[in-house]
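Structural overview for review
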Amino acid sequence: MFYLKLAINNIRKSFSNFAPFILASTVMFVMDLIIASILFSPSLAKMKHGATTTGTLMGMGLFIISAFAVIILVYSYRFLIKQRTKEFGLYEILGLSKSQIARVSIDELLILFLATVLIGTIVGTILAKFLYLILATLIGSDYFGLDFSLIAVGVVTFVFVAIYFLLILISSITIQRNSSLSLLKEESRGEKEPKANFVFALLSLVLIGAGYYMAVTVQNPIEALTKFFIAVILVIIGTYLFYLSFTIWLLKRQKANKKYYYQPKHFITVSSMLYRMKQNAVGLANITVLVAMTFVTLAITVALHTGVKDVTNQAFPDNTTVSTTLYGVTRDKAESVIATTSMNPKIDIDYSNANTIATIAPEDSEIKMDSQSSNQMGKNYSNVKILNREDLVKIGNDSLANISGNEVIVGSFNGKTTAKTINWMGQKLVVKDIITDLKNVNNEISGMKSFYIIFPNQATMEKYINDYNSADKAEDNGSAFNMSISTNVYLKLDEKQIDEFKDQLDAQVSKMVSNKELSESTYVNTMSRKEMQSVMNEFTGSFLFIGFTMGLTFILGAGLIIYYKQVSEGAQDKRNYKILQEVGLSKKEVAQTIKSQVMMVFFMPIALAVIHFSFAYLMIKKLLEIFGVTNGGLILGVSAATILGVAAIYFLIYKLTSRVYYNIVERP
């Protein structure tokens, strides 16, 4: 009971020291509980749309935020221990054994844990209900009530039991390994001038440069997806080495330059910055990484959600409301099938096409269309849509060049080619024109570059497709990309007509397959604009919600680290403030010197984070193409708004935490 009372008394009397840790612990519990409440709530199953997608993304979000909670709470608690080492040393001098001091520390953590669970459960449950309304709106759900989940509270509590057990181990090991004298002196340790390491300084630039190079040289979305995490890891490691080694090495170089160093302004700045960087290198690297992660997370999720309309418009050209694809059916046959339905709707757009895969490099003078090319995955791996000019002219592409025989038109909306000929399974095709756009043709959302090869008419297109499939079969190369003709049909129907048309068309196709009027491999897929919008909203809405939650968590984590940095620097600068005045500097000169250093150190992380994001922009743009978001202006605007918004929050954190710093420095 004595230890419990002592623990309660410690928290009460030193609440200003405990408060940041309590806040960090509670906030992380709340963020975890919000995600878990949605993930484990019975309400998720009651959603008509988006339950599966939302559940998957919430599960990923819970894992990421839980892992982040471990990092933040360990960082926060280690800082709290450092503030209280003198107190622990005094306990030992007054007669308490190390095990008794550890017992007090454990009781303190148990009290903080109970407070975290109690406050976090109340606040988290309330916020979860509110944020669930936002999520339901984003994904277009019609169920807005979030049922309380005891499982969610249990799961998050279990996670925090594990975290606090880790903190107990950290506390016990720290107390057991240090003597009373070392504990008393712990706060003033680390005053030796840091040593520079040229190898690690150079390595930091090499790693960051390698990550940047991977980001700016990425050629297509698939390559971006495979290289993204490698580039991120290289830049993160490089960032830590940059602060730990490169900044120290640079300051040491400045110090070695006597003409530069032995000037009053430079002498004080360089000397002070050496110690600041030694004490705050890891914290500054943490802030840089967290801010950069916030930029990337918010930019991707916001751009993805706001780009849904563009993706839908690409899939439904000319304001059509229904898309029907009849697989294994030519355009003429598709028109006759639709005409035999009792509704017999007017067809607005239709064209035959086939799809395959090929390797198409921008510099190649000849495109190879063969099974070997389709099986060679690489940066130039591309989707190829086979079309015919006859169909395209009927749907508004009357400016296409006239072609005949073995002449073709090649084009792409997101790739480049300078090809003059095509090797079509040994047959030579002549490229008469290269285009960049087609009207009323659906651009595939495949995450790859997409090219068109346009033949003169339907008969020629069918001939070359049959030649391709026959040659591929004869070569027996195991290609998975044999071509099959299908027809895309787009109609403008009222909402009430869509379901009726879908049922009639499905029934008619089944009947014609049974009567052997159509091949057994023929099938139909019909989707309305509203259905696709709903599917996209389900994914992007959940993604945006998780992105916002993670972004908020990251920026709060950065804010917490900034606070601790301000407190630790405040205590150090208070001593420096007095020393500099004693050696002859005026109070105003000292204040200006320290303020310039603080601002330099404070704004360095966000400046480096912006640079990281700028180099990652092209890779982010390519990643968004996987989901069909290709509007460069939209992505750039969202990215700029994200940087400005996060920078504004960062500056606000600086202003709030700087008050703590100046209160410490100016305190008599």
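Source: prediction; values computed, not measured.

1. Let's talk about helix 5 (residues 98-139)
Along its length, helix 5 reaches its greatest deviation from straightness, about 25°, at Gly120. Gly140 sits one or two positions beyond helix 5 and adopts a positive phi of about 75°.

2. So, the pattern of salt bridges
Any two side chains of opposite charge can pair, on the condition that their charged atoms come close. Scanning all chains against the criterion turns up 6 salt bridges. One salt bridge in this structure joins Arg103 and Asp107, with 3.6 Å as the shortest N-O distance. Remark: Asp107 and Arg103 occur in helix 5; sequence separation between them is 4 residues, near one turn of the helix. Ionic pairing is found between Asp348 and Lys346, a salt bridge with its closest N-O pair at 3.5 Å. One network of salt bridges, in which partners are shared, links Arg331, Asp332, Glu335 and Asp391.

3. Looking at the sheet that holds strand 1 (residues 322-327)
Across the sheet, which stays open at both edges, the 10 strands sit in the order 3-6-7-5-8-4-2-9-1-10 with mixed pairing between neighbours. With one partner strand each, in any of the chains shown, strand 3 (366-369) and strand 10 (523-528) form the two edges of the open sheet. Neighbour-to-neighbour, the strand axes of this sheet turn through a mean angle of 30°, independent of strand direction. Across 5 bridges, the pairing between strand 5 (residues 407-412) and strand 7 (residues 427-435) is parallel. By the bridge assignment for strand 7, Val408 is matched with Val431. Each of strand 1, strand 9 (486-491) and strand 10 is contacted by helix 17 (residues 495-514), which is oriented at about 175° to strand 10, the strand it contacts most.

4. Considerations on the packing of helix 13 (residues 331-339) against helix 17
Contact geometry for helix 13 and helix 17: axes closest at 9 Å, N-to-C directions at 115°. Crossing of helix 13 against helix 17: the hand is right-handed. Within the contact between the two elements, helix 13 uses Lys333, Val337 and Ile338 and helix 17 uses Phe501, Leu505, Gln508, Val509 and Met512. Residues of the contact of helix 13 with helix 17, tallied by class, amount to 6 nonpolar, 1 polar and 1 charged.

5. Details of the pairing of strand 2 (residues 349-359)
Across the 11 residues of strand 2, 9 count as buried, placing the element largely inside the fold. Examined bridge by bridge, strand 2 and strand 9 share 5 bridges and lie antiparallel to one another. Residue pairing for strand 9: Asn353 is matched across the bridge by Ser486. The pairing of strand 2 with strand 4 (residues 381-388) spans 6 bridges and is classified as antiparallel. Its bridge partner lying in strand 4, Thr356 is registered against Val384.

6. A word on the environment of Tyr213
Along the polypeptide, Tyr213 turns up in helix 8 (residues 198-216). As for Tyr213 and Ala231, which are separated by 18 residues in sequence, their C-alpha atoms are 8.6 Å apart.

7. Side note on the packing of helix 5 against helix 6 (residues 150-177)
Each pair of packed helices can be described by the angle between their axes along with the distance between the axes. At their nearest, the axes of helix 5 and helix 6 sit 10 Å apart, and the two run at 160° to each other. Classified by the interaxial angle, the pair formed by helix 5 and helix 6 is roughly antiparallel. Helix-helix and strand crossings are classified by hand; for helix 5 and helix 6 the assignment is right-handed. Between helix 5 and helix 6, the contacting residues are Lys98, Ser99, Ile101, Ala102, Ser105, Ile106, Leu109, Leu112, Phe113, Thr116, Val117 and Thr121 on the first element and Val153, Thr157, Phe160, Val161, Tyr164, Leu167, Ile168, Ser171, Ser172, Ile175 and Gln176 on the second. Class assignment for the residues of the contact of helix 5 with helix 6 results in 14 nonpolar, 8 polar and 1 charged.

Rules used throughout
Residue positions are given per chain, counting from 1 as you read along its sequence in written order. At least 70 in pLDDT is required for a residue's local features to be given in this predicted model, at least 80 for side-chain atom pairs to be given and counted, and no such filter applies to totals for whole chains, interfaces and linings, which use all residues. Where side-chain values are given, they derive from all heavy atoms of the structure, hydrogens and water being excluded. Axes are fitted to the seven residues ending at a residue and to the seven starting at it; the angle between these axes is taken as the bend at that residue. Counting from the N terminus, the helices are DSSP H or I runs at least four residues long and the strands are E runs at least two residues long. A side-chain nitrogen of Lys or Arg and a carboxyl oxygen of Asp or Glu constitute a salt bridge if their distance falls within 4 Å. Paired strands, in this sense, are two strands between which DSSP finds at least two bridges. Axes here refer to lines fitted to C-alpha atoms; in helices the fit is confined to the stretch in contact. Angles between the N-to-C directions go from 0 to 180 degrees. For this analysis, residues touch if any pair of their heavy atoms sits within 4.5 Å. Should the near helix be turned anticlockwise from the far one by less than a right angle, the crossing is left-handed, and should it be turned clockwise, the crossing is right-handed. Residues are grouped as follows: Ala, Val, Leu, Ile, Met, Phe, Trp, Tyr, Cys and Pro are nonpolar; Asp, Glu, Lys and Arg are charged; every other residue, Gly included, is polar. Think of it in three bands: residues with accessible area under 20% of the maximum for their type are buried, residues over 50% are exposed, and the middle band is partly exposed, with areas taken using a 1.4 Å probe on protein chains only. Oblique is the label for any angle not under 35 degrees, not over 145, and not in the 65 to 115 range, which are roughly parallel, roughly antiparallel and roughly perpendicular in turn.

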